[in-house]
Amino acid sequence: MSEPVLPELRTMWWESGNRARAEIGAFTLIAGLPGLVGQALRVSWRADRVRTSVIAVSALLSGAMATFGLLATQQVLIELFAAGPTPDRLRAAFPALTALAVATAIRSLLTVATGYAQNSLTPRVNHAVEQRLFAVTTAVPLEAFDEDAFADDMERATRNSDAVILLVQASFDLLASAIGIVAVGVAVVVIHPLLLLALIVATAPRLWASLHAGRVRYLTYVASSVRHRRLRLLHDLMAERDSAPELRAYRLRRFLLEQHDQVMGAETKIQIDLSRRISTTMTIGSFVGGLATAAVYVLLGLLLLDGQIPLSAAATCVVALQAAQRTLTSSIYQIDRVYAEGQHFRDYVVFLDRAEEHLPDDASAPAPGPLSVLRVDAVSLRYPGREQPALDAVDLTIEAGQTVAFVGENGSGKSTLAALIAGLRRPSSGAVRWNGEPWPGHNPRIAVVTQSFYKWPFTAAANIHLGQVERDPEQERLEEAARRAAAHDMIAALPFGYRTLLDRTFADGQDLSGGQWQRITAARGFYSSADLLIMDEPSSALDPRAEDALFQAIRDRQGVTTTILITHRLANVRHADRIYVLHEGRLVETGTHDDLVRAGGRYADLFTLQAAGYRSAGGAG
Ligand SMILES: Nc1ncnc2c1ncn2[C@@H]1O[C@H](COP(=O)(O)OP(=O)(O)OP(=O)(O)O)[C@@H](O)[C@H]1O
């Protein structure tokens, strides 16, 4: 093995928020919060005004109750520390005690109301966010996926769709904590203005230390993230079904175990170093925080001795200080969360904005009529990052009812031309005209059986029905399409026939061979009643009998419906009304099979080469 380590990994979607949090200091962190909380509240407001209002009002009322509770506590203490017999003092403290109990009960009720409102708000926000996101991801044209930056943004936005609700939740929690802190501040000012200063002095070092510790925690995460992913990659390689056969066939076991040992060793060492740093930060934070609190207690003592504040005020201040520190601890956690989730939320918003630029404007276009003629006018396409155009000024005309073939060597541009005709991609220049009119986006009258088909995790029947999902499935038509693609007998032999799930993730799910899958996708093409059917390499994995049946079915369409056939098996295009030969993106030859063989050009060369292969094999046999 010449490569000592696995290749570099790119930054992943889930790291952006934590990375951003790790890179900034406490000041930038705090300064960024109002904007993020504002955005979260707007999202929440749009999703559900009533519940958003309930949560916001509850947070405010809860803060008011906290202030009220502290003032009542002071009143209770004043009455209890007053001179006189204990029963009298208790009687005097009773109204304040009742007020304290009521304030506490109201706060508890508000917490319950907030919980209910948040529980119902969460699915509503998620629903709104996901609907908007997937409405966009399913509408952007294919070329958007070729732009690296766009594809990255899309991945981040899709995976981070729950960032919105996490940001909303964290923002509400932060809001409640912030109001709680303000409430304590107000109560303390009412008791004695100087105590506010004491409160700030006691809590500020802890606040700073906790924020700093948060940053170290995020740094820890970021520093180990690449190794974690590398480990996950190795876990998958060593324990997954897909890689298991080659792992054994190529005897990769030792290599992978060594890689795992190396990465795991580095990870352990760095984790230990980093946890040491975190512990140090936390210890310093607690130490300085403790000193500051002690200093405040000393100050309180001095004020008491000097007669500046009564004993009840000092005692209330101690209670307030503890309440403030409790609220602060939860605030720090919320601040970090709001910031990190806020970055993910920004990814989501940025993606939606960028995606808007890509969306096709086909809402206002009239539906295309039945095909009479399709014209490809000087169409060119250059993929991003490629010097050579994949298609270069291609012109051709297809009449309704024709069967035409695109042939050419690998990479000559056949699939790209098919994608342009279907409207799955837009040309860099030129136009595809359906009955003389260009059609923006995918043309609903064209069905495509793609070369790199997707194995949809549905039943066999549903997989065929995908060819025309807008109509209810008709078993007879499904079977008829399957027969034409030589798929019927194979499906009938599956454990549940047409109702067999074609994905092993599901209970009783089955997997098919490559050729069997290809028969299903061909059946899907036949099932559609599109005016134009494009079949891109529909027989590459088929056995000779299935291939013969498939091409017979394609020949049966000739003169009735229109077909574009892309194949390297040139014997199968002999019957085509017209053959277009592509070479390095240019249309180099056009004609019937006989015309092209007679012309003795590129097609004739390829055909003779293939035919010679069969002849010599026949001769050898
Ligand atoms: N998404 C893409 N991004 C960048 N280049 C691409 C992309 N898809 C295809 N290409 C390039 O465009 C050229 C034409 O590719 P295309 O798939 O159209 O060829 P093809 O004639 O269908 O080939 P094959 O016979 O192998 O299926 C090739 O050079 C290919 O590398």
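Under an unreviewed UniProt entry, the name given to the chain is ABC transporter ATP-binding protein, and the source organism is Cryptosporangium japonicum.

### Notes on the domain arrangement of the chain
Parsing the chain into structural domains produces domain 1 (17–357), domain 2 (368–445 + 530–621) and domain 3 (453–529). Taken together, the contacts link four residues of domain 1 with five residues of domain 2. Note on domain 1 versus domain 2: buried area summed over both sides is about 490 Å², and carbon and sulfur give 45% of it. For domain 1, the biggest contributors to the area lost against domain 2 are L142, E143 and D146; these three give 84% of the whole.

### Here we look at the side chain of D536
Within the secondary structure, D536 is located in strand β7 (residues 532–536). Of the side chains with opposite charge, K414 comes closest to the buried, unpaired D536, at an N-O distance of 6.9 Å. Side-chain polar atoms of D536 contact the side chain of S415, separated by 2.7 Å. Residues in contact with D536, not counting those within four places in the same chain, are S415, V449, T450, Q451 and I566.

### Description of the UniProt feature "transmembrane region" (unreviewed entry) in the chain
UniProt tags residues 20–41, 53–72, 92–117, 163–184, 190–209 and 284–305 as "transmembrane region" (unreviewed entry). Along residues 163–184 the backbone is 100% helical and 0% strand, and the end-to-end C-alpha distance reaches 31 Å.

### Some points on empty space enclosed by the protein
Tallied over the entire structure, the rule returns two cavities of 30 Å³ or more. Every residue along the wall of the largest cavity is listed here: T403, F551, I554, R555, L565, N572, H575 and A576. Of the residues forming the lining of the largest cavity, the biggest block, three residues, is contributed by helix α17 (residues 544–557). When grouped by side-chain class, the residues that make up the lining of the largest cavity number four nonpolar, three polar and one charged.

### Thoughts on unusual backbone geometry
Positive phi, close to 50°, is recorded for R251, a residue that is not glycine. Topologically, R251 is positioned in the loop between α9 (244–249) and α10 (253–305). Its relative accessible area of 70% is what places R251 among the exposed residues. Despite not being glycine, E584 shows a phi value in the positive range, around 45°. Tracing the backbone shows E584 in the loop between β9 (578–583) and β10 (586–591).

### So, the sheet that holds strand β3 (residues 403–407)
Across the sheet, which stays open at both edges, the six strands sit in the order β6-β7-β8-β3-β9-β10 with mixed pairing between neighbours. The open sheet has two edge strands, β6 (446–449) and β10, and neither has a second partner. Pairwise comparison of adjacent strand axes, ignoring direction, gives a mean angle of 15° for this sheet. Two elements, β6 and β7, share four bridges in a ladder whose sense is parallel. Counted as the bridge partner of V449 is M535 from β7. The sheet strands contacting α17 are β7 and β8 (562–566), and the helix crosses β8 at an angle near 145°.

### Focus on the packing of helix α4 (residues 86–137) against helix α11 (residues 311–358)
Angle between the axes and distance between the axes: these two values describe a pair of packed helices. Two numbers describe how α4 lies on α11: the axes approach to 10 Å, and their chain directions differ by 35°. Judged by the sense of rotation from one axis to the other, the crossing of α4 with α11 is left-handed. Together, V129, R132, L133, V136 and T137 of α4 and Y348, F351, L352, A355 and E356 of α11 make up the contact between the two elements. Classifying every residue of the contact of α4 with α11 by side-chain character gives seven nonpolar, one polar and two charged.

The rules behind each value
Residues numbered from 1 in each chain as written. Predicted model: local features only at pLDDT ≥ 70, side-chain atom pairs only at ≥ 80, totals over all residues. Heavy atoms only, no water. Domains from an automatic or database assignment. Contact = heavy atoms within 4.5 Å. Buried area = accessible area lost by both parts, 1.4 Å probe. Helix = DSSP H or I, 4+ residues; strand = E, 2+ residues; numbered from the N terminus. Buried < 20%, exposed > 50% of the residue type's maximum accessible area, 1.4 Å probe, protein only. Lys, Arg positive; Asp, Glu negative; His and termini not counted. Salt bridge = Lys/Arg side-chain N within 4 Å of Asp/Glu carboxyl O. Polar contact = N/O pair within 3.5 Å; in protein donor to acceptor, adjacent residues only side chain to side chain. UniProt positions renumbered as here; feature names shortened; annotations may be inferred. 1 Å grid on protein atoms, 1.4 Å probe; cavity = no way out; pocket = protein on both sides within 12 Å on 5 of 7 lines; lining within 4 Å. Points joined across faces, edges and corners; volume = space filled by probe spheres on them. Nonpolar A, V, L, I, M, F, W, Y, C, P; charged D, E, K, R; others polar. Pairing = 2+ DSSP bridges. Axes fitted to C-alpha atoms, helices over the stretch in contact; angles between N-to-C directions. Left-handed = near helix turned anticlockwise from the far one by under 90°.

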